[in-house]
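Structure assessment
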Amino acid sequence: MARSHGVNEELSEVLNQLWSLDTNRLKPGTDYIINPQGKAGYVARGSNYARDRARAPLFSYVNEDKLKSIKTYAYFVSLLDNYEMSTGVSETVTSEELKENHLFLDAILETDVMKCAHKYLVRKGKSPSDEVQFKRQLYDIWFHLYHRDRSGGKDSCGFEHVFVGETKYGREIMGLHNWVQFYLQEKHDRVDYKGYKARDNKDTPDEDDHVLNLQFSWKGLVKPIGGSFIGVSPEFEVALFTIVFLMSTEKMTSVMAKVDEYMLELIVCRHGQSIGTSYPKLLSSNNRDL
């Protein structure tokens, strides 16, 4: 495992460029409202009981009209129902779903966020300069199907794990690190937010924080802790995690970066030439040590 000690300044610089270019990031308090509520407790490994420290949902409001009006979000949402959420169950990709994958990639490649990421990766010798070849590279990283459960067929891909979420043997939640999917699942009463996670005696998160460590239940299972960006665009997450993935050849990479006011640990695991998982872990915010 490649674990960096101290903040990676070069990575922080490029990620802050992406942050400032992310014009599709939604505004807290205006485009959406979150309610962090109580601090979640300890959940023993393998247990699916968590005391609920949040009576209300995490999201009090999201401007869905705005989501539908922004092309990258609209195509992103159309991808969320394309996956069989249990590992060990083979995925079948229909021609319509294949088209949706390409529409999403085409849409994010038009954004300044992805153009900036592409330029950086070309400069570092990690991506081809040709946009068609870069899109193929992105497809392999995020949409290439692989075996996560060795007993079945090709049952997973990076996009499904990170953004949609999966269950393993019906006993464990895997992935589901995306705020739009979390909101939609919560809206349909499939996700129950249990509270935020932070170290003992530390400050509570703010309603305008763009990164949270969460505890929640989904499909009758509990995720003791899961890190998520909140309000950021799909292209920002794809760009950020693609850069971390391509800048390392390790099976698991953990790197520290300061993005805007957030000190983050960014974790990316590889599955061959594809992403196995990727998520942010909030270490501190607004100079608060969490």
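Residues numbered from 1 in each chain as written. Predicted model: local features only at pLDDT ≥ 70, side-chain atom pairs only at ≥ 80, totals over all residues. Heavy atoms only, no water.

Turning our eyes to something else, we now look at helix H4 (residues 95-109). Compared with the 21 Å implied by 1.5 Å per residue over 15 residues, the 21 Å span of H4 between its first and last C-alpha is a close match. Considered for burial, the residues of H4 that qualify are Glu 97, Glu 100, Asn 101, Phe 104, Leu 105, Ala 107, Ile 108 and Leu 109. Its buried side turned inward, H4 meets helix H3 (71-79), helix H5 (112-123), helix H6 (131-142), helix H7 (158-164) and helix H9 (234-246). (Helix = DSSP H or I, 4+ residues; strand = E, 2+ residues; numbered from the N terminus. Expected span 1.5 Å × (residues − 1). Buried < 20%, exposed > 50% of the residue type's maximum accessible area, 1.4 Å probe, protein only. Contact = heavy atoms within 4.5 Å.)

This part covers the pairing of strand S8 (residues 221-229). With respect to burial, S8 is a largely interior element, seven of its nine residues being buried. The pairing of strand S7 (residues 211-218) with S8 spans seven bridges and is classified as antiparallel. Each bridged residue has a counterpart across the sheet, and for Leu 212 the counterpart in S8 is Ser 228. Between S7 and S8, which pair antiparallel in sequence order, lie two residues; one of them, Lys 219, sits at a positive phi of approximately 55 degrees. (Pairing = 2+ DSSP bridges.)

Where helix H1 (residues 9-21) contacts H5, the axes come no closer than 8 Å and their chain directions differ by 155 degrees. Taken together, the axis directions place H1 and H5 in an arrangement best described as roughly antiparallel. Relative to H5, the crossing made by H1 is right-handed. For the pair formed by H1 and H5, the contact residues are Glu 10, Val 14, Gln 17, Leu 18 and Leu 21 on the first element and Asp 112, Val 113, Cys 116, Ala 117 and Tyr 120 on the second. (Axes fitted to C-alpha atoms, helices over the stretch in contact; angles between N-to-C directions. Parallel < 35°, antiparallel > 145°, perpendicular 65-115°, else oblique. Left-handed = near helix turned anticlockwise from the far one by under 90°.)

Here we come to unusual backbone geometry. Of note in the backbone geometry, Gln 37 takes a positive phi value of approximately 60 degrees without being a glycine. One non-glycine residue with positive phi stands out, namely Asp 260, at about 55 degrees. Mapped onto the elements of the fold, Asp 260 is located in the loop between strand S9 (252-259) and strand S10 (262-271). Its relative accessible area of 36% is what places Asp 260 among the partly exposed residues.

Under the criterion given, the structure shown has nine salt bridges. The salt bridge partner of Lys 124 is Glu 10, with a shortest N-O separation of 2.9 Å. Of the two residues, Lys 124 is situated in the loop between H5 and H6 and Glu 10 in helix H1; the sequence distance between them amounts to 114 residues. When its relative accessible area of 34% is taken as the criterion, Lys 124 is described as partly exposed. On the accessibility criterion, Glu 10 (39% relative accessible area) is partly exposed. (Salt bridge = Lys/Arg side-chain N within 4 Å of Asp/Glu carboxyl O.)

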